[in-house]
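The lines below spell out each chain.
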Amino acid sequence: MADPAKFRVGLLGHGTVGGAFAELLPRHADRIARITGLRPELSAVLTRSRGSFQDVLDGSDLIVELIGGLEPAREYLLAAMRAGKHVVTANKQLLSHHGEELWEEARVHGVQLRFEGAVAGVVPVIRVLQESLAGATIDRVHGIVNGTTNFILTEMARTGETFADALTEAQRLGYAEADPTEDVNGKDAAAKMAIIARLAFETPVHIDQVRYEGIEHIRPDDLEYARDLGLGLKLIGTAERVGTDGLSVTVYPAFLYPGHPLASVNGPFNAVTVESEAITEITMSGPGAGGPQTASAVLGDVISAMIPPASTPPAVESLRIVSDVMSSFYVYLEVADEPGVLARVAHVLAEHAVSVKSVLQKGLEDQARLVMVVHPVLESNFFAAMEEISALSAMRAPPRAIRVIEEEFV
Ligand SMILES: NC(=O)c1ccc[n+]([C@@H]2O[C@H](COP(=O)([O-])OP(=O)(O)OC[C@H]3O[C@@H](n4cnc5c(N)ncnc54)[C@H](OP(=O)(O)O)[C@@H]3O)[C@@H](O)[C@H]2O)c1
């Protein structure tokens, strides 16, 4: 039998993921040749110190971009697609800023732009949203899409240590970068949720339209008291339809009851739950980052691109991005231990239509702590109540509030 024809793969970037991809490709080349009839080989590599983009472009049938950042990654992907090459990337920053431009270019030139590695590492979220669930109307997606923060929150809950100590441990074990800013402040998760929301709701979503908050301010106390209420804390991305024409995309620390499918996702793992009336809910979970793991998602994309086409369809919806939605909250108040305080707090809450689901009161010398969970309420109402409560004379510290995700699927 004749040898299979070669399929030349050009690689931009040879760091954590690019290096792992360069090792993985030859190991799987024989098997891929049996599946596709083409034998992939690494044809050229570009880094800051070696190779030229033009050589990679000219000598490849498909380009894999693993440089990261906005430029020159954007310029290289556009040039590759204009030259009629399929492209694969794991670059969430780029897609959350310039996704529409890049997807349009892929459609215009009839090439594939694949990006499974950009969201939740090797967990096949993109493929499931674009292909398996293409026939379902999605109502809501929840995701733990940043492994660094999930590891830190798991450690804080397990050991009672502070955010700073848990971060140091995450860095020691390689779960956090030397500069973890965009992980811990929620921006990395916001980029991934922008991509997820775009696919789930067919509406263009730019990272600037995602409201996000990180976990730097979380204290061991929050986790301890919440445990008494049966709650566990995660950094949760949410993309949900609001009314008939709205879409809300957020990333916030949120408490989950133990029945929620994301409640048991611990350590550096990622998971995404998709809710739709037709399918109830499905949850996918697995390693969310790491060189070999992400490289395996990238290689899966390369194999898919070697088999006949699929492209990201145009954004056909134009849902309004909504910023005031219904949420449930955990509230932590440090108040003077004197009669009538709970009644005053309850009065302010009631005036703003905030209703309490459960409450704990703990005394501490001349202070008391009121820890409560409130039923879902319009966020603007809730924050107005918090502002009024913070002005009460009995308050000993500013109120602290964290969202609670209410649904249980058991
Ligand atoms: N690391 C993960 O676990 C992970 C997980 C999911 C997705 N991703 C995504 O995968 C992509 C790559 O991440 P990474 O962690 O592998 O990054 P990395 O380790 O920093 O590697 C980046 C590579 O790109 C090269 N590069 C940087 N700027 C360049 C430029 N202007 N021209 C040519 N080459 C350039 C670097 O060259 P030098 O070798 O010369 O420095 C290096 O080889 C990013 O989009 C990231 O968000 C990473």
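Residues numbered from 1 in each chain as written. Predicted model: local features only at pLDDT ≥ 70, side-chain atom pairs only at ≥ 80, totals over all residues. Heavy atoms only, no water.

Some words on the site of the ligand
In the vicinity of the ligand there are 21 residues, among which His14, Thr16, Val17, Arg48 and Gly290 approach most closely. With respect to the ligand, the backbone of His14 contributes an N or O atom lying 2.8 Å from an oxygen atom. Between the ligand and Lys92 there is a distance of 3.2 Å, counted from an oxygen atom to a side-chain nitrogen or oxygen. In the complex, the protein chains occlude 75% of the 910 Å² of accessible area that the ligand would expose alone. The set of elements that each furnish at least two residues to the shell around the ligand consists of α1 (16-36) and α4 (92-109). Each residue belonging to the shell around the ligand can be placed in one class, and the counts come to 7 nonpolar, 12 polar and 2 charged. (Near = heavy atom within 4 Å. Polar contact = N/O pair within 3.5 Å; in protein donor to acceptor, adjacent residues only side chain to side chain. Areas by Shrake-Rupley, 256 points an atom, 1.4 Å probe, with all protein chains shown as cover. Helix = DSSP H or I, 4+ residues; strand = E, 2+ residues; numbered from the N terminus. Nonpolar A, V, L, I, M, F, W, Y, C, P; charged D, E, K, R; others polar.)

Quick word on the sheet that holds strand β3 (residues 62-65)
The 5 strands lie next to each other as β2-β1-β3-β4-β5, forming an open sheet whose pairing is parallel. Looking at which strands have only one partner, the edges of the open sheet turn out to be β2 (38-46) and β5 (113-114). On the sheet, α1 packs against β1 (5-12), β2 and β3 and is oriented at approximately 160° with respect to β2. (Pairing = 2+ DSSP bridges. Contact = heavy atoms within 4.5 Å. Axes fitted to C-alpha atoms, helices over the stretch in contact; angles between N-to-C directions.)

So, the pairing of β1
Two elements, β1 and β2, share 8 bridges in a ladder whose sense is parallel. Directly across from Val9, in β2, lies its bridge partner Leu42. On the question of chirality, the crossover connecting β1 to the parallel β2 by way of α1 is right-handed. Inspection of the sheet shows β1 paired to β3 by 4 bridges, in the parallel sense. Paired with Val9 across the strands is Leu62, a residue of β3. (Right-handed = clockwise from strand over helix to strand, strands pointing away.)

Considering a nonpolar patch on the surface
Taken together, Leu342, Val356 and Val359 make up a surface patch of nonpolar side chains, about 210 Å² in accessible area. Tracing the chain through its elements places Val356 in strand β14 (residues 356-364). In this structure Val356 comes out as partly exposed when scored by relative accessible area, which is 37%. (Patch = residues over 30% accessible without salt bridge, like charges linked within 9 Å, V, L, I, M, F, W, Y side chains within 5 Å. Salt bridge = Lys/Arg side-chain N within 4 Å of Asp/Glu carboxyl O. Buried < 20%, exposed > 50% of the residue type's maximum accessible area, 1.4 Å probe, protein only.)

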